[in-house]
Every structure is written in structure tokens, then in C-alpha cells.
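Structural description and commentary
Spelled out, the chains give:
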Amino acid sequence: MRSRLAGTLVPAVGVILVLAMPFMTTDRYLFKVLTFVGLNLIVVAGLALLFGYAGQISLGHAAFFGIGAYTAGYLTGEAAVPWLVATLVAALLAALVGFVLSLPMLRLKGHYLAMATLGFSEIMTVLFIEARGITGGNDGLRGIPYPSLGSFKIDTPSGVYLLVWITAIVVLVLAANLVRTRPGRALRALHGAELGAQACGIDTGRLRVQVFALSAGLAGLAGALYASAVGFISPTTFSLEFSVLLVAMVVLGGTGSVTGPVVACVLLTLLPYVDALVPGLPREVVSFLQDWEADIAGIVMILVLLFAPGGVAGLLRRSPRVGEAE
Amino acid sequence: MTLLAARGLSKRFGGLVAVDDVSFDVYEGTIKALIGPNGAGKSTLFNLLTGFDRPDVGEVLFADTSIVGLQPHRVVRAGMARTFQNTQMFGEMTVTENVLVGMHTRLRTGFAAGALRLPPTRAVERDAIARANHLLRLVGADAFGDAPGADVPHGVRRLVEIARALASAPKLLLLDEPAAGLNNTETVALAASLRRIQADGTTILIVEHDMGLVMEISDEIIVLDRGRKIAEGSPRLIQKDAAVIEAYLGEVIVDA
Ligand SMILES: Nc1ncnc2c1ncn2[C@@H]1O[C@H](COP(=O)(O)OP(=O)(O)OP(=O)(O)O)[C@@H](O)[C@H]1O
Ligand SMILES: [Mg+2]
């Protein structure tokens, strides 16, 4: 009972807080940082379905993010396509690339899948640099227009923040719904026991392709929003490092959960900006955190895998279950 | 009327002939048992029938349609559902959710409808949960509905797998050693459940080592030994069959 109440109350308070933020502060920097959190949340929602539910790893999601960003950047900047159309095309293109990529990968699992998606990521990084006509090469794309619907332009940091976060909230709600119904159960079944899933009439190959395309599409959507939110993109953003960070968020958050990865995503995205967000923090602590950011993330991940394999979600889940047993 | 017909099925694993030219019929509305010593090829035969393995030669007709070469999920859609000797539960899902997965082919909610979860979808879910609970009661596993699959005793897992297989509303139910891990009382309860399932119009093909159960519930028995069919007929006939007694060294059958 209590956990069900918390299950609706906590997200509701979170949503209200998110939407009230523009009334509480005008700090442009804060909005920028929070926009990044929202963008990562969109990718993490897809990765939580792919990795946390269906059990498939991808080290290529930064590349899908990049495909979305370059597509939207090129279409709105160079080809003057309306923002909404460009954003949808960008997400669909990323989903399509994910779909095509997942077909030959159907036979692969575990490490092999990780290697294949890593290879894809590296190829895309080269492509982002070499396809100068579209991507602007190493210089990237500049002057990408702000999001706009007709004549209504979203060109303030708080406006962009709201756009990204409302999108993120919608995506998260849809993902949370999905895992509670037939397709979500099929994903979890696929992860749990593949033979059992097939014996239940699940077309496991088709499902794998579907969830991979869906999560690639969400990464593409986030990339498209990123391009118009920041106005400038360059190939270094869409690196393997970003892919690993995204996977780390889902691992830390815990498999089989949407809430856990959300919490982990917020924490890990904010970590590099800790100096600006926590004003009183001593200088040494800040520089330590920033210098060792990647190492801290790595060590925390190893500790989580060793001592709390359920991640954040496992820790959240543990307390009510003990209470029930008593 | 013949619901399932196996015709000349053979399967080799390297030098070993696991299933050797096996033919038989399963008639609609009956319970047929498939027995034989360890390693006789019973589970392999199940895999050939359900698309989890492909026969080297032979034909499988289900309701007069060939199903050899179909992938397992297509076989389920055609109306055959199975359980496994090594249970294939979804350990991180509750028992009820396990059964709900079994309804995959019956429910239609796709990615879009699932993500929106509008009132019609919720109504479908509620009905599905009610049906899952009904099936769990039918097999006697309803006490475990909210338990994670991984936390359930082995015997109960087999019962849950039966409920899960029934959830697809199959015409033919294939059970691979459902009584393994059950005590006497539970086995008696299982026999009653199987009779009820049969009475509801489901045909059953069952692999089982518990001869008491086999003799009690089956209309017909087929005996495999080293991949070959050595006998087929009513329980009464099989109990007297010299070849069967020899295959079992006499003991098990006499016990029954
Ligand atoms: N995938 C496989 N590869 C190689 N050999 C196999 C394979 N599957 C089964 N076998 C062999 O085929 C033979 C038949 O095995 P099967 O599992 O069908 O027997 P069974 O009748 O189900 O036995 P049990 O009563 O012990 O379950 C055995 O000798 C087994 O070792
Ligand atoms: Mg067997």
C-alpha cells in the first residue's frame, strides 16, 4: 500500500517541481545543465527498455544520438525544414538505422553484441567527421536554429528546458506504461528465459529488432533536441565515452526498472557540474570530483555490481519487501 | 479424429540416433503418454514436434497442416503449447506475470497501445489477470501468484508452466515430466487438474516417469526406447507388453 502511494506521489511531486522551476529561478546556467539532464533521460528511457528489460547491451547509443543531432541540425540549419518535421525525421532516421543494424546482430549476444555496437559507434564517429558536406567535418555545424512551431520560437534557456523536460516526462510515462503491458512483459520474458519466451508464442527475433529500433529512435530524438537546444554540434560529443556513460546510468539505476535509471541519470549527469550546483563546496573537493569524474563513475559502478547488483532500483525495492514479509 | 500426426520422425546428434523413425497419432480430446527410459529420446521428440529442433527426416501434421520447419512461436500460434523438463520460468517476474506472458498470442496490445495504456488496454489487462488467476487455481499454484518466479519451489514451477502454456488456449498441450518434484498428494492433485483440462477440450501429450500417474490418466501410451517406438496402445496393453517390460527391466511397470 505505502509503496504504491509512493509510486505515484514521488513522480507527481517530481513533475510539479520540474514544471515549477522556471518560476523559481532565472539562472541560465542552471537551465542549461538541467536541459542536459532531460536529454539524457530520453536516451536512458530507451536504454532502460533495451538493456534493463530486454537485457541487450548497446555501446552505440551516442552514435544514434549523433545521427539525430546531425539530421536535425542539417535539416533545420542548411535545408530550412520546419523544426518539428526535422525533429521527427531525425528520430525516425535513427530508428531506421537501429532497425537495419539490429538485423545482422540478431545472432549476437553479450560481449559480441557489445563489440558489434561499439564497431558501429566507431564507424559513425568517422562518418560524422568525413561526411563534411552534411556534418561540417571536425568543425561541426553552427547556427542551428532554436526550436520553433510556426512563428512561435522557443529561444530562452527556460523555454528550451521546459520543451526538453516535457518531452522527457512524456517519454518516461510511456516507457513506464509499456513495461506494465504485453510488449513490456515480452521484453522481460526474452531476458529471463529465451526458450520460455518462444514457448509463449513470442517472436523473439522480431521483438529484439523492435526494441533496438525504438531505443535508437529515442536516442535520435534526444540528439535532435540537443542540436536545436545548443545550436552547435561537433563530432567529439557523440563519442564512445558518452555511450558508456549512458549504459552506466542504466546499470547503476538497476535492471528491470525505469525509476532507478532516472535517478542514476540525474545524479551522473549533474556530477560534473557539482561546483555550480552546490555553492558552498570547497575548491579541493570540486577539482577532485572533476579530475576523477570518470574514475569515480567506474569505481561506483564496480561497487554497485559487487554489492548491490539491483542498482538504485534494487535498493528502493528492498525496503518495502522486507516490510511486507514481517 | 487425429489432431497431431508424427510421420517417420528421425533426429541424429552426431553418431547418436536420438529419435529413430517414429510415427504416431494423437487423437483429439485424449490424453496420450510418452514413456521410456532415460535418454530414450522423449524430450528430443517434443522439440521436434514444437519447432525447437528440426527433424532430419519426417513430417509433423497438426490439424492436417504440416508444421515442420515452423519457428516455435508459430507453432504456438497454430495451437500447440508446451512445458519444459528443465523449467523455463521468468525468474524476475511474478508467477502471475509468467502466466500473463503465456497469453502473448491471445492479447493484441502492441508497443503503441501498451505505451498509451488507455482505458480499453487497462480493461484487457484486468481480464487477462483474472484469467491468469483462474489458470493458476486450475493447476493448484494460486498461492504463489505474487511470488517471483525464481523463489518458487521446483515442483510448483512445473505447475506454473502448465498454467502458462494453457494461457495461449492451445488445442494440444505438451507436458515434459510435469510430476517431477511433486510429492504424492501433489501428484494426485495434478492428475485431477489434467483431467479437468482434458474435460475443457484440450488434448494432452505427456512425457512422464511416474507410472502411477501415467496409467491413471492416459487413454493411450507410446513407449520409446533408444529412439525407437517399441510399443503403443492402451495402458492395460502396455503393462503386459514383453518389450516394454524388458526395456524397463521389469521393475517400474510391476510397481505400478
Ligand atoms: N542437443 C543435443 N546434442 C547431443 N545429444 C543430445 C542432444 N539432446 C539430446 N541428446 C541425446 O539424445 C538422447 C535422447 O535425449 P532426450 O533428452 O530426448 O531423452 P529423454 O527421453 O527425454 O530422457 P529423460 O527421461 O532423461 O529426460 C540422449 O542420449 C541425449 O544425450
Ligand atoms: Mg527428457
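Refer to the structure above for everything that follows.
With that settled, the discussion passes to the site of ligand 1. All names here are of chain B. Close contacts around ligand 1 come from 13 residues, with Gly39, Lys42, Ser43, Thr44 and Gln85 the closest. A distance of 2.5 Å is found between an oxygen atom of ligand 1 and a side-chain nitrogen or oxygen belonging to Thr44. In the model, an oxygen atom of ligand 1 is placed 2.9 Å from a nitrogen or oxygen of the His209 side chain. Here ligand 1, which alone exposes 630 Å², has 61% of that area covered by the protein.

Take the coordination of the magnesium ion (ligand 2) next. Residues and elements named next belong to chain B. The coordination sphere of the magnesium ion (ligand 2) contains the protein donors Ser43 (OG) and Gln85 (OE1), at a distance range of 2.0 Å. Residue Ser43 is located in helix 1 (residues 42–50), and its partner Gln85 is located in the loop between strand 6 (80–82) and helix 3 (95–102); the two are separated by 42 residues in the primary sequence. Looking at Ser43, the relative accessible area reads 25%, which means it is partly exposed. Exposure remark for Gln85: the relative accessible area of 30% places this residue in the partly exposed category.

Residue and element names in this part refer to chain B. The backbone of Asp64 sits at a positive phi, close to 70 degrees, despite the residue not being glycine. For Asp64, the location among the structural elements is in the loop between strand 4 (57–62) and strand 5 (65–66). The phi dihedral of Arg226 falls on the positive side, at around 45 degrees, and the residue is not glycine. Mapped onto the elements of the fold, Arg226 is located in the loop between strand 9 (220–225) and strand 10 (228–233).

Once that is clear, we can look at the side chain of Arg117(B). Residue placement: Arg117(B) occurs in the loop between helix 4 (111–116) and helix 5 (119–139). Summary of buried charges: Arg117(B) has no salt-bridge partner, and the nearest side chain of opposite charge, Glu125(B), is 6.4 Å away.

To continue, consider the environment of Ala248(A). Residues and elements named next belong to chain A. The residue Ala248 is located in helix 11 (residues 240–253) in this model. Distance from Ala248 to Gly298, taken between C-alpha atoms, is 8.4 Å for residues 50 residues apart in sequence. With near-sequence residues (within four places) excluded, Ala248 lies in contact with Leu268 and Met301.

Contacts between the two partners involve 30 residues from chain B, matched on the other side by 25 residues from chain A. Among the residues of chain B in contact with chain A, His104(B), Phe111(B) and Arg117(B) are the three that bury the most area, contributing 26% of the side total. On the surface where chain B and chain A come into contact, there are two salt bridges. Taking the shortest distance from any N to any O, the salt bridge between Glu125(B) and Arg185(A) comes out at 2.9 Å. Across the chain B-chain A interface, the total number found is seven residue pairs in polar contact (both at pLDDT 80 or more). Elements with a minimum of two residues in the side of chain B that touches chain A: helix 2 (72–78), helix 3, helix 4 and helix 5 of chain B. A class-by-class count of the residues in the side of chain B that touches chain A yields 13 nonpolar, nine polar and eight charged.

About the thresholds
Residues numbered from 1 in each chain as written. Chains lettered and ligands numbered in written order. Predicted model: local features only at pLDDT ≥ 70, side-chain atom pairs only at ≥ 80, totals over all residues. Heavy atoms only, no water. Near = heavy atom within 4 Å. Polar contact = N/O pair within 3.5 Å; in protein donor to acceptor, adjacent residues only side chain to side chain. Areas by Shrake-Rupley, 256 points an atom, 1.4 Å probe, with all protein chains shown as cover. Donors = N, O, S within 2.8 Å, 3.2 Å for Na, K, Ca; no water. Helix = DSSP H or I, 4+ residues; strand = E, 2+ residues; numbered from the N terminus. Buried < 20%, exposed > 50% of the residue type's maximum accessible area, 1.4 Å probe, protein only. Lys, Arg positive; Asp, Glu negative; His and termini not counted. Salt bridge = Lys/Arg side-chain N within 4 Å of Asp/Glu carboxyl O. Contact = heavy atoms within 4.5 Å. Buried area = accessible area lost by both parts, 1.4 Å probe. Nonpolar A, V, L, I, M, F, W, Y, C, P; charged D, E, K, R; others polar.

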